[in-house]
Amino acid sequence: QKGSKSFPALDLVMPVLSLQLSNTAILHQIRRDQVTDTCRANSVSSRKRRVLTPNDLKHLVVDEDHEMIYCYVPKVACTNWKRVMMVLTGRGKYSDPMEIPANEAHVSSNLKTLNQYSIPEINHRLKNYMKFLFVREPFERLVSAYRNKFTQKYNTSFHKRYGTKIVRRQRKNATQEALRKGDDVKFEEFVAYLIDPHTQREEPFNEHWQTVYSLCHPCHIHYDLIGKYETLEEDSNYILQLAGVGNYLKFPTYAKSTRTTDEMTTEFFQNISSEHQTQLYEVYKLDFLMFNYSVPSYLKLE
């Protein structure tokens with residue numbers, strides 16, 4: 001046919017790596033489109049044309065050297081990502097993320113967040129830096145937060161701060177000890193607390209159970225990459241590759257035997273009434289829709 005050249009067959013065999021990368025790029029494009037479509041479809045409820053204030057940007061960790069912004073979501077590998085960000089921003093102070101103690105990764109002064117900049121600096125970084133976040137199936141993340149904060153004896157600050165309040169509000173005939181310690185909150189009580197309109201009016205959710213939608217503002221901030229907990233390693237290493245550090249920095253792999261699974265989440269939801277399940281789904285609905293998580297099969301929605 002006119003004007004067509006014949007190429008040697010070799011030219012048509014793309015290197016496997018670039019093929020994989022282009023597939024991954026397409027995957028991330030699909031994820032971005034899903035967020036955009038959900039924001040548009042829910043614009044009445046979700047977009048109230050609210051202007052972001054610096055206070056809204058506390059979860060966006062900035063790496064100036066590699067021009068990256070990471071919005072951290074608790075219970076979605078955020079400790080390891082904070083460790084990686086400390087390696088990236090530490091200018092040689094750290095080389096192995098796993099050498100950084102977990103509690104040190106959560107010391108706020110170890111990482112710079114976007115709310116610490118002036119408005120012009122914030123706008124410049126939002127416009128020019130590569131922005132990413134990691135998400136997880138919302139109810140699995142919720143059960144993970146509950147297990148970590150309410151069933152571990154060492155989390156006394158959570159027991160005092162939230163447990164006592166939950167017990168006082170949700171438990172009839174609570175013992176004096178339970179009211180004082182707040183260390184035996186049942187999952188059903190936790191759910192009742194989350195769906196209680198009084199809770200939302202009183203104060204914002206704690207970051208461990210706050211929606212990704214409210215922590216990272218995906219309708220106002222255009223994220224370049226949306227990683228998933230379910231494909232944590234591949235997504236993380238792809239991001240490190242794009243940042244140009246993939247050759248010397250790999251995302252830490254770890255086999256956590258205690259991690260919350262789908263089966264576990266199913267168990268926890270067994271005792272929740274369908275009315276409460278329905279109300280809870282409403283609270284997290286935008287996270288489900290935005291990040292393409294289907295309604296869990298174990299739910300008995302009304």
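Residues numbered from 1 in each chain as written. Predicted model: local features only at pLDDT ≥ 70, side-chain atom pairs only at ≥ 80, totals over all residues. Heavy atoms only, no water.

Draft legend 1. Inspection of the packing of helix α7 (residues 138-150) against helix α15 (residues 274-290) at higher detail. Running from N to C, α7 and α15 cross one another at 120°; their axes reach a closest spacing of 9 Å. Here α7 lies oblique to α15, going by the angle between them. Contact with α7, carried on its side by P138, F139 and L142, involves L280, Y281, Y284, D287 and F288 of α15 and no other residues of that element. Classifying every residue of the contact of α7 with α15 by side-chain character gives 7 nonpolar, no polar and 1 charged. (Axes fitted to C-alpha atoms, helices over the stretch in contact; angles between N-to-C directions. Helix = DSSP H or I, 4+ residues; strand = E, 2+ residues; numbered from the N terminus. Parallel < 35°, antiparallel > 145°, perpendicular 65-115°, else oblique. Contact = heavy atoms within 4.5 Å. Nonpolar A, V, L, I, M, F, W, Y, C, P; charged D, E, K, R; others polar.)

Draft legend 2. Structural detail: the pattern of salt bridges. For the structure on display, the rule yields 16 salt bridges. Close ionic contact of K131 with D224 constitutes a salt bridge, the shortest N to O distance being 3.6 Å. One end of the pair, K131, is in strand β4 (residues 130-135); the other, D224, is in the loop between α12 (212-216) and β5 (225-228), and 93 residues separate them in sequence. A relative accessible area of 25% places D224 in the partly exposed class. (Salt bridge = Lys/Arg side-chain N within 4 Å of Asp/Glu carboxyl O. Buried < 20%, exposed > 50% of the residue type's maximum accessible area, 1.4 Å probe, protein only.)

Draft legend 3. Up close: the domain arrangement of the protein. Taken domain by domain, the protein holds domain 1 (54-137 + 209-243) and domain 2 (139-206 + 260-291). Contact residues are listed per partner, giving 18 residues for domain 1 and 24 residues for domain 2. Of the roughly 1900 Å² buried between domain 1 and domain 2 on both sides combined, carbon and sulfur atoms contribute 61%. On the domain 1 side of the interface with domain 2, the three residues burying the most area are K75, E137 and W209, jointly 50% of the side's total. Along the contact surface separating domain 1 from domain 2 lie 1 salt bridge. Among the salt bridges present, the one from E140 reaches R136, with a minimum N-O distance of 3.3 Å. (Domains from an automatic or database assignment. Buried area = accessible area lost by both parts, 1.4 Å probe.)

Draft legend 4. Up close: the packing of aromatic side chains. Taken as a whole and judged by the stated rule, the model has 24 aromatic pairs. When the centroid spacing of 5.0 Å and the interplanar angle of 85° are considered together, the rings of F139 and F288 count as edge-to-face. Of this pair, F139 sits in helix α7 while F288 sits in helix α15, and the two are 149 residues apart along the sequence. There is no split in this pair, since F139 and F288 are both buried. The ring of Y72 carries K82 above its face, with NZ or CZ at 3.8 Å from the centroid. When the ring centre of Y117 is taken as origin, the NZ or CZ atom of K112, which lies over that ring, is 4.4 Å away. (Phe/Tyr/Trp six-rings, centres within 6.5 Å; stacked < 30°, edge-to-face > 60°. Lys NZ or Arg CZ within 6 Å of the ring centre and 35° of its normal.)

Draft legend 5. Spatial organisation of the pairing of β4. Most of β4 is tucked away: 6 of the 6 residues are buried. Here β4 shows no split at all, with M130, F132 and F134 on one side and K131, L133 and V135 on the other all buried. Bridge count between strand β2 (residues 68-71) and β4: 4 bridges; the pairing is parallel. Note that in β4 the partner of Y70 across the bridge is F132. Looking at chain direction, β4 and β5 are connected through 4 bridges and run parallel. In the sheet register, F134 faces β5, and the bridge partner there is G227. (Pairing = 2+ DSSP bridges.)

Draft legend 6. Examining the environment of Y70 more closely. Locating Y70 in the fold gives a position in strand β2. The exposure class of Y70 is buried, given its relative accessible area of 0%. Counting along the chain gives 24 residues from Y70 to Y94, while the straight-line C-alpha distance between them is 18 Å.

Draft legend 7. Highlighting the packing of helix α10 (residues 187-195) against α15. Look at α10 against α15: their axes get within 9 Å of each other, and the N-to-C directions meet at 55°. On the basis of the axis angle, α10 is oblique to α15. Note on packing geometry: the crossing formed by α10 with α15 is left-handed. In this structure, α10 uses V191, A192, L194 and I195 to contact α15, whose residues at the interface are H276, Q279, L280, V283 and Y284. Of the residues in the contact of α10 with α15, the class split is 7 nonpolar, 2 polar and no charged. (Left-handed = near helix turned anticlockwise from the far one by under 90°.)

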